Amino acid sequence: MNRLGRKISITITLCILFVFIFYLMINSYLLPKYYLFQMKNRVHDLSTEINKMPMAEFKQSINQLEQENNVTIAYEPIQTNLDHFNGILRDNLYQKRVTLNKFWVTEDTINQVKSGKRISKIYNQGKLKSSFLVDFIQKDNVFIVVGVSIVYLSDAVQIVNKFTIYIMIFLILMLILMVWIWSKKITDPLKELKDISIEIAQLEFKKAKISTNDEIEELAQSINEMSDKLRIAHDDLNQRNANLKTFISDISHELKTPLALIKAYSAGIKDGIDDGTYVDTIIRQTDQINRLIDKLLELSRIEREILHVEQFDLIKLFESSLENFEIELNQNNITLTKEYIGTNQLNIEVDRDQFEKVFNNLISNAIKYTKYPEIKIKIYEENEEILFKIKNETNLKNSTQIKQMWEPFYVMEASRNKHLTGTGLGLAIVKSILYRHHLKHDVELIDGNIQFSIHFPKPLQ
Ligand SMILES: Nc1ncnc2c1ncn2[C@@H]1O[C@H](COP(=O)(O)OP(=O)(O)OP(=O)(O)O)[C@@H](O)[C@H]1O
Ligand SMILES: [Mg+2]
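Please read all numbers here as calculations on a predicted model, not as lab measurements.

### Here we look at the overall build of the protein chain
Scanning the protein chain for helices and strands turns up 14 helices and 11 strands. What you see for the protein chain is a C-alpha radius of gyration of 54 Å, clearly larger than the 23 Å of a compact globule of 461 residues, by over 25%. Seen along its three principal axes, the alpha-carbon backbone of the protein chain occupies a region of about 165 × 60 × 35 Å. Sorting the 461 residues of the protein chain into buried and exposed places 36% on the buried side. Restricting the contact set of the protein chain to residue pairs at least 6 apart, pairs at least 24 apart contribute 65%. Of the roughly 28700 Å² that the protein chain leaves accessible, carbon and sulfur atoms contribute 55%.

Take a look at the structure:
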């Protein structure tokens, strides 16, 4: 039997033993006393009743009184000859089938009864294993005996107790069997939960299938939920680890390319084969490294920086970022199509400095990578949200690839060829800022256009 079953069996067995022992003790000590008390009461009540009756009525109703009260009644006028008197009384009783070994009314008793007292006595009958309990009363100088035979209860009690012990043993055996079956029902699912917990601890996120319709099932559901959440957190951590590895290898790669060029061109200068452009190339590559390191520092700073969130009008905030690109837009003859829809001011709660970076990156990307010289911007309210969307034409076709743009150093082949590409960290910085602001964002391809969108929840007041 399992430990739980053993504990329950022992506890219940001890309870049963306690109850039965208590019961046996009551049977042995209190029951005989109670029996005698009841018998005495019965005889007393009857003798009191007889005392109140007229003699004639008493004589008439003796049989009825005996039957109703299950007693024996004998009577005889009081005499001075004790032997004769006792003999007659015993005869009277004998005729009523009461055979007594020991029964003797003393003179003293007669005198007391004569004086109107009621005398109670118990005559132990020795080997007959019974006693004769009597009340003596006197009525019109007639001595009346109201008696009842009481058996020795101790024998009967012993037999009852013995029988009780058998019942107790049988009950305890039944109980152990029932507890064994019942505890198995409880402990089987608990064991399953224990095994699942061990597996979870070993990062095997399994689920328990338990339908006991009680607290154990609720516990299983909680463990399943925990297992699910741990799996998600674990997968997320693994993914982040993998991302970090890719990120580090990407940084190394991004740094190695310009460094290799710097080394090659420096060697060219040393060997005297410089055609006058080598130093420019070296400066360009150094600038590239510098830009990359600046952006990397920016990316890591954003993740640590304390946010200073305030309320701003989204349109004003965006327009102020847009001003920085006026010259670039003119130079590239790019038309801006703006659609601002909203009844009130469209307020959002953000960190201004960080959000300028978001808009700068999105606008500069749109200018750099648009296929057709038009950029469409839309700001509007929808349900409980304020939406910002920026859209430009693109050659990109693969919508799953598009989602990877948010990853650091992800540069589309199409833009690599155009020599437009920067560090490939712009959108990673945007994503990091949006993530810190808990803002939903997306990029999608719509009819040959690429569209970036940000969802802002409306401020509460
Ligand atoms: N609006 C856009 N239209 C088309 N392609 C885009 C657009 N925005 C981003 N891309 C693609 O996603 C890549 C990643 O963009 P991201 O801003 O992260 O880096 P980047 O612009 O190359 O470098 P940086 O922003 O550091 O100067 C870009 O190289 C480009 O291929
Ligand atoms: Mg960019």
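### Remarks on a nonpolar patch on the surface
Taken together, the side chains of Phe163, Ile165, Tyr166, Ile167, Ile169, Phe170, Leu171, Leu173, Met174 and Met178 define a hydrophobic patch exposed on the protein surface, amounting to about 990 Å² of accessible area. Assignment of secondary structure puts Leu171 in helix H6 (residues 153-201).

### Digging into the domain arrangement of the protein chain
Per the domain assignment, the segments making up the protein chain are domain 1 (3-155) and domain 2 (305-457). On a C-alpha basis, the centroid separation for the pair domain 1 and domain 2 is 110 Å.

### Looking at a negative patch on the surface
On the surface, Asp45, Glu49, Glu57 and Glu68 cluster together into a patch of negative charge. Judged by its relative accessible area of 58%, Glu68 falls in the exposed class.

### Some points on the UniProt feature "transmembrane region" (unreviewed entry) in the protein chain
The UniProt feature table records "transmembrane region" (unreviewed entry) at residues 12-31 and 163-182. The span residues 12-31 shows a helical share of 100% and a strand share of 0%, and its end C-alpha atoms are spaced 27 Å apart. Within residues 163-182, the helical portion is 100% and the strand portion 0%, while the C-alpha atoms at the span's ends are 28 Å from each other.

### Remarks on the pattern of salt bridges
Here the structure, examined in full by the defined rule, presents 15 salt bridges. Put simply, Asp236 and Arg240 hold a salt bridge, and the shortest N to O gap is 3.0 Å. Of the two residues, Asp236 and Arg240 are both situated in helix H7 (residues 215-270); the distance of 4 residues between them amounts to about one turn of the helix. Among the charged side chains, a salt-bridge network with shared partners connects Lys207, Asp228 and Arg231.

### Remarks on the packing of H7 against helix H8 (residues 278-304)
Interhelical geometry of H7 versus H8 gives an angle of 160 degrees and a closest axis separation of 9 Å. Taken together, the axes of H7 and H8 are roughly antiparallel relative to one another. Crossing of H7 against H8: the hand is left-handed. Of H8, the residues touching H7 (which contributes Phe247, Ile251, Glu254, Leu255, Pro258, Leu259, Leu261, Ile262, Tyr265, Ser266, Gly268 and Ile269) are Tyr278, Val279, Thr281, Ile282, Gln285, Thr286, Gln288, Ile289, Leu292, Leu296 and Leu299.

### Examining the sheet that holds strand E3 (residues 130-139)
Strand order in this open sheet of 4 strands is E1-E4-E3-E2, and the pairing throughout is antiparallel. The open sheet terminates on both sides in strands that have one partner only, identified here as strand E1 (72-77) and strand E2 (119-124). Strand after strand, the sheet turns through a mean of 25 degrees between neighbouring axes, direction not considered. Alignment of E2 against E3, held across 6 bridges, turns out to be antiparallel. Of the residues in E3, the one forming a bridge with Tyr123 is Phe132.

### A short note on helix H4 (residues 82-95)
Helical geometry: 3.6 residues make up each α-helical turn, so side chains three or four residues apart lie on a common side. With 14 residues, H4 extends 20 Å from end C-alpha to end C-alpha; this agrees with the ideal 20 Å at 1.5 Å per step. Taken together, the buried positions of H4 are occupied by Leu82, Phe85, Asn86, Leu89 and Leu93. End-on, the buried residues of H4 take up no more than an arc of 95 degrees, which puts them together on one face. Within H4, the exposed residues directed more than 90 degrees away from the buried face are Asp83, Tyr94 and Gln95. On its buried side, H4 packs onto E1, helix H5 (107-114), E3 and strand E4 (142-151). Its side-chain oxygen 3.2 Å from the backbone nitrogen of Asp83, Asn81 forms the N-cap of H4.

### Structural notes on the nonpolar core
Membership of the largest hydrophobic core comes to 48 residues, with the highest contact counts inside it found for Phe355, Phe388, Ile390, Phe452, Ile454 and Phe456. A total of 7 residues in this core trace back to one element, the largest contributor, which is helix H11 (residues 352-369). Setting aside its immediate chain neighbours within four residues, Ile390 contacts Leu362, Ile363, Ala366, Ile375, Lys376, Ile377, Ile450, Gln451 and Phe452.

Parameters and conventions
- As a convention, each chain's residues are numbered from 1 in the sequence order in which they are written.
- Starting at A for chains and at 1 for ligands, labels are handed out in the order in which the entities are written.
- Thresholds applied to this predicted model are a pLDDT of at least 70 for local features of residues and 80 or more for the giving and counting of side-chain atom pairs; totals over whole chains, interfaces and linings are not thresholded and use all residues.
- The side-chain numbers reported here are obtained from all heavy atoms of the structure, hydrogens and water having been left aside.
- Numbering goes from the N terminus for both helices and strands, where a helix is a DSSP run of H or I of at least four residues and a strand is a run of E of at least two.
- Taken over C-alpha atoms, the radius of gyration is set against a globule rule of 2.2 Å times the number of residues to the power 0.38.
- Three labels apply to residues, based on accessible area from a 1.4 Å probe with only protein chains included: buried if under 20% of the type maximum, exposed if over 50%, partly exposed otherwise in between.
- Any two residues whose heavy atoms approach within 4.5 Å are treated as being in contact.
- Every accessible area reported is derived by Shrake-Rupley at a probe size of 1.4 Å, with residue values counting cover from the shown protein chains alone.
- Here, patches come from residues exposed beyond 30% relative accessible area and free of salt bridges, joined within 9 Å for like charges and within 5 Å for nonpolar side chains (Val, Leu, Ile, Met, Phe, Trp, Tyr).
- Salt bridges are counted wherever a side-chain nitrogen of Lys or Arg sits within 4 Å of a carboxyl oxygen of Asp or Glu.
- Domain borders in the structure are assigned automatically or taken from a domain database.
- As used throughout, the charge tally considers Lys and Arg to be positive and Asp and Glu to be negative, leaving His and the chain termini uncounted.
- All charge positions are set by atom: Lys at NZ, Arg at CZ, Asp at CG, Glu at CD.
- UniProt positions are given in the numbering used here, feature names are shortened, and annotations may be inferred rather than shown by experiment.
- Angles shown run from 0 to 180 degrees and are taken between the N-to-C directions of axes, each axis being a line fitted to C-alpha atoms and, for helices, limited to the stretch in contact.
- Our angle categories are set so that under 35 degrees counts as roughly parallel, over 145 as roughly antiparallel, 65 to 115 as roughly perpendicular, and the remainder as oblique.
- Less than a right angle of anticlockwise turn of the near helix away from the far helix marks a crossing as left-handed, whereas a clockwise turn marks it as right-handed.
- By the convention used here, strands pair only if DSSP detects at least 2 bridges between them.
- The length a helix should cover is 1.5 Å for every residue beyond the first.
- The directions from the helix axis to the C-beta atoms form the arc being described.
- Under this definition, polar contacts are N or O atom pairs within 3.5 Å; protein pairs additionally need one hydrogen-donor-capable and one acceptor-capable atom, and for neighbouring residues in sequence, both atoms have to be side-chain atoms.
- Among the buried residues, those of types Ala, Val, Leu, Ile, Met, Phe, Trp, Tyr and Cys that are joined through side-chain atoms within 4.5 Å form a nonpolar core.

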